[in-house]
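What follows is each chain in one-letter form.
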Amino acid sequence: MRETLWAWLHVQSWQEFTWVMIGLTGQLLFTARFLVQWIASEREKRSVIPLAFWYFSTAGGLVLLSYALWRRDPVFILGQSMGLFIYLRNLWLIHAEHPDRAANAGN
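Residues numbered from 1 in each chain as written. Predicted model: local features only at pLDDT ≥ 70, side-chain atom pairs only at ≥ 80, totals over all residues. Heavy atoms only, no water.

K.L.:
Describe helix α4 (residues 74-97), naming the residues involved and giving the relevant values.
P.N.:
Given a rise of 1.5 Å per residue, 24 residues ought to cover 34 Å, and the 35 Å separating the end C-alpha atoms of α4 matches this to within 8%. Those residues of α4 lying buried are Gln80, Gly83, Leu84, Tyr87, Leu91, Ile94 and His95. (Helix = DSSP H or I, 4+ residues; strand = E, 2+ residues; numbered from the N terminus. Expected span 1.5 Å × (residues − 1). Buried < 20%, exposed > 50% of the residue type's maximum accessible area, 1.4 Å probe, protein only.)

K.L.:
Could you give an account of the packing of helix α2 (residues 14-44) against helix α3 (residues 51-71), with specific residues and numbers?
P.N.:
Between α2 and α3, the least distance of the axes is 8 Å, while the angle of their chain directions is 160°. The angle between the axes of α2 and α3 places the two elements in the roughly antiparallel class. Both α2 and α3 take part in a crossing whose hand is left-handed. Along the lines of polarity and charge, the residues of the contact of α2 with α3 split into 16 nonpolar, 9 polar and 2 charged. (Axes fitted to C-alpha atoms, helices over the stretch in contact; angles between N-to-C directions. Parallel < 35°, antiparallel > 145°, perpendicular 65-115°, else oblique. Left-handed = near helix turned anticlockwise from the far one by under 90°. Nonpolar A, V, L, I, M, F, W, Y, C, P; charged D, E, K, R; others polar.)

K.L.:
Lay out the nonpolar core with the relevant residues and their values.
P.N.:
If you look at the biggest cluster of nonpolar residues, it comprises 10 residues: Phe30, Leu51, Phe53, Trp54, Leu64, Leu65, Leu84, Tyr87, Leu91 and Ile94. Mapped by element, the contributors of at least two residues to this core are α3 and α4. For this core, the leading source of residues is α3, giving 5 residues. Those residues in contact with Tyr87 that sit more than four places away from it in its chain are Phe30, Arg33, Trp54, Ser57 and Thr58. Judged by nonpolar contacts, the second largest core, of 6 residues, contains Trp6, Leu9, Val20 and Tyr67. (Core = buried A, V, L, I, M, F, W, Y, C linked by side-chain atoms within 4.5 Å. Contact = heavy atoms within 4.5 Å.)

Here's what the structure looks like:
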(Lines give C-alpha, C1' and ligand atoms only; values in the text may rest on other atoms or scores of the structure.)
Protein backbone atom coordinates (compact mmCIF):
# COMPACT_ATOMS: atom_id res chain seq x y z
CA MET A 1 0.00 0.00 0.00
CA ARG A 2 2.80 2.43 0.92
CA GLU A 3 4.52 1.85 -2.41
CA THR A 4 1.30 2.64 -4.29
CA LEU A 5 0.71 5.83 -2.32
CA TRP A 6 4.31 6.98 -2.73
CA ALA A 7 4.22 6.27 -6.46
CA TRP A 8 1.00 8.26 -6.78
CA LEU A 9 2.52 11.18 -4.81
CA HIS A 10 5.89 10.90 -6.63
CA VAL A 11 7.88 10.56 -3.39
CA GLN A 12 10.69 8.21 -2.50
CA SER A 13 11.31 8.84 1.21
CA TRP A 14 9.51 9.65 4.43
CA GLN A 15 10.98 13.17 4.29
CA GLU A 16 9.48 13.77 0.84
CA PHE A 17 6.18 12.26 1.96
CA THR A 18 6.09 14.55 5.03
CA TRP A 19 6.73 17.64 2.89
CA VAL A 20 4.05 16.65 0.40
CA MET A 21 1.62 16.30 3.32
CA ILE A 22 2.69 19.76 4.55
CA GLY A 23 2.10 21.14 1.06
CA LEU A 24 -1.33 19.51 0.87
CA THR A 25 -2.23 20.92 4.29
CA GLY A 26 -1.25 24.39 3.09
CA GLN A 27 -3.38 23.96 -0.01
CA LEU A 28 -6.36 22.87 2.11
CA LEU A 29 -5.95 25.96 4.33
CA PHE A 30 -5.74 28.10 1.22
CA THR A 31 -8.88 26.48 -0.21
CA ALA A 32 -10.74 27.03 3.09
CA ARG A 33 -10.45 30.79 2.58
CA PHE A 34 -12.64 30.57 -0.51
CA LEU A 35 -15.22 28.49 1.32
CA VAL A 36 -15.30 31.02 4.17
CA GLN A 37 -15.72 33.88 1.68
CA TRP A 38 -18.42 32.07 -0.28
CA ILE A 39 -20.44 31.18 2.83
CA ALA A 40 -20.17 34.74 4.20
CA SER A 41 -21.28 36.19 0.86
CA GLU A 42 -24.23 33.79 0.61
CA ARG A 43 -25.35 34.74 4.12
CA GLU A 44 -25.13 38.46 3.35
CA LYS A 45 -26.50 38.10 -0.21
CA ARG A 46 -23.60 40.28 -1.40
CA SER A 47 -19.87 39.90 -1.91
CA VAL A 48 -18.13 39.93 1.48
CA ILE A 49 -14.55 39.26 2.52
CA PRO A 50 -14.59 38.21 6.19
CA LEU A 51 -11.60 38.57 8.50
CA ALA A 52 -11.18 34.77 8.52
CA PHE A 53 -10.45 34.94 4.77
CA TRP A 54 -7.22 36.85 5.48
CA TYR A 55 -6.22 34.53 8.31
CA PHE A 56 -6.72 31.42 6.16
CA SER A 57 -4.86 33.17 3.33
CA THR A 58 -1.94 33.92 5.64
CA ALA A 59 -1.83 30.44 7.20
CA GLY A 60 -2.11 28.70 3.84
CA GLY A 61 0.44 31.05 2.30
CA LEU A 62 2.96 30.45 5.09
CA VAL A 63 2.63 26.68 4.89
CA LEU A 64 2.81 26.73 1.08
CA LEU A 65 5.84 29.05 1.19
CA SER A 66 7.65 26.62 3.50
CA TYR A 67 6.82 23.80 1.08
CA ALA A 68 8.01 25.91 -1.88
CA LEU A 69 11.26 26.69 -0.06
CA TRP A 70 11.81 22.99 0.60
CA ARG A 71 11.19 22.26 -3.11
CA ARG A 72 13.49 25.18 -4.05
CA ASP A 73 10.91 26.31 -6.60
CA PRO A 74 11.58 29.99 -7.42
CA VAL A 75 8.23 30.49 -9.19
CA PHE A 76 6.27 29.05 -6.27
CA ILE A 77 8.43 30.96 -3.73
CA LEU A 78 7.88 34.27 -5.52
CA GLY A 79 4.14 33.72 -5.84
CA GLN A 80 3.63 32.78 -2.20
CA SER A 81 5.87 35.50 -0.78
CA MET A 82 4.08 38.21 -2.78
CA GLY A 83 0.70 36.87 -1.65
CA LEU A 84 1.82 36.78 1.99
CA PHE A 85 2.82 40.42 1.83
CA ILE A 86 -0.67 41.33 0.57
CA TYR A 87 -2.49 39.15 3.15
CA LEU A 88 -0.48 40.53 6.05
CA ARG A 89 -0.89 44.10 4.82
CA ASN A 90 -4.67 43.63 4.65
CA LEU A 91 -4.71 42.27 8.21
CA TRP A 92 -2.59 45.23 9.34
CA LEU A 93 -5.00 47.69 7.70
CA ILE A 94 -8.08 45.96 9.12
CA HIS A 95 -6.71 45.93 12.66
CA ALA A 96 -5.45 49.52 12.38
CA GLU A 97 -8.91 50.65 11.28
CA HIS A 98 -10.77 48.50 13.83
CA PRO A 99 -8.53 47.88 16.90
CA ASP A 100 -11.49 46.24 18.67
CA ARG A 101 -11.55 43.49 16.00
CA ALA A 102 -7.97 42.54 16.92
CA ALA A 103 -8.93 42.19 20.59
CA ASN A 104 -12.01 40.09 19.75
CA ALA A 105 -10.44 37.99 16.95
CA GLY A 106 -9.63 35.15 19.34
CA ASN A 107 -13.10 35.04 20.89
